[in-house]
Amino acid sequence: QVQLVESGGGLVQPGGSLRLSCATSGFTFSSYVMKWYRQAPGKERELVASITSAGGSTKYADSVKGRFTISRDNAWNTVYLQMNSLKPEDTAVYYCNAVHRVRAQYDYWGQGTQVTVSS
């Protein structure tokens, strides 16, 4: 059974930091590109960051470049999103996504974790 379980969300003040984790099981983690998406109320889901299956390449949305860092630990089947210098506009539900590096029909999602940036 495939599982992606996000954790680490919460309430943080502007300028603060959070580290999201996505623990996975039920599939060959090292064969999957991992992505973090977010969705704010009333807005479409947005790709925030992605990392290749071996972790050699990362990409970021312009809105988070220089503030967020995606990483993965293939030994622990976990992907992370370090978020620094958080802004109120980063408030959203953050979702973990796994897509097979060759067979894109294998596409799995977590349940999401809420991040709220507010004073």
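Residues numbered from 1 in each chain as written. Predicted model: local features only at pLDDT ≥ 70, side-chain atom pairs only at ≥ 80, totals over all residues. Heavy atoms only, no water.

(A) Representation of the pattern of salt bridges. In total, this model carries four salt bridges according to the counting rule given. Where Arg38 meets Glu46, a salt bridge forms, and the shortest distance between an N and an O atom there is 2.8 Å. You can call Glu46 partly exposed: its relative accessible area is 29%. With its nearest N and O atoms 3.2 Å apart, the salt bridge here joins Asp62 to Lys65. The exposure class of Asp62 is exposed, given its relative accessible area of 65%. Connected through shared salt-bridge partners, Arg38, Glu46, Arg67 and Asp90 make up one network. (Salt bridge = Lys/Arg side-chain N within 4 Å of Asp/Glu carboxyl O. Buried < 20%, exposed > 50% of the residue type's maximum accessible area, 1.4 Å probe, protein only.)

(B) Geometry of the side chain of Thr24. Within the element layout of this structure, Thr24 appears in strand β3 (residues 18-25). Exposure remark for Thr24: the relative accessible area of 8% places this residue in the buried category. Within the structure, the side chain of Thr24 is placed 2.8 Å from the backbone oxygen of Asn77, a separation counted as a polar contact. In contact with Thr24, not counting residues within four places along its chain, are Gln3, Leu4, Phe29, Met34 and Asn77. (Helix = DSSP H or I, 4+ residues; strand = E, 2+ residues; numbered from the N terminus. Polar contact = N/O pair within 3.5 Å; in protein donor to acceptor, adjacent residues only side chain to side chain. Contact = heavy atoms within 4.5 Å.)

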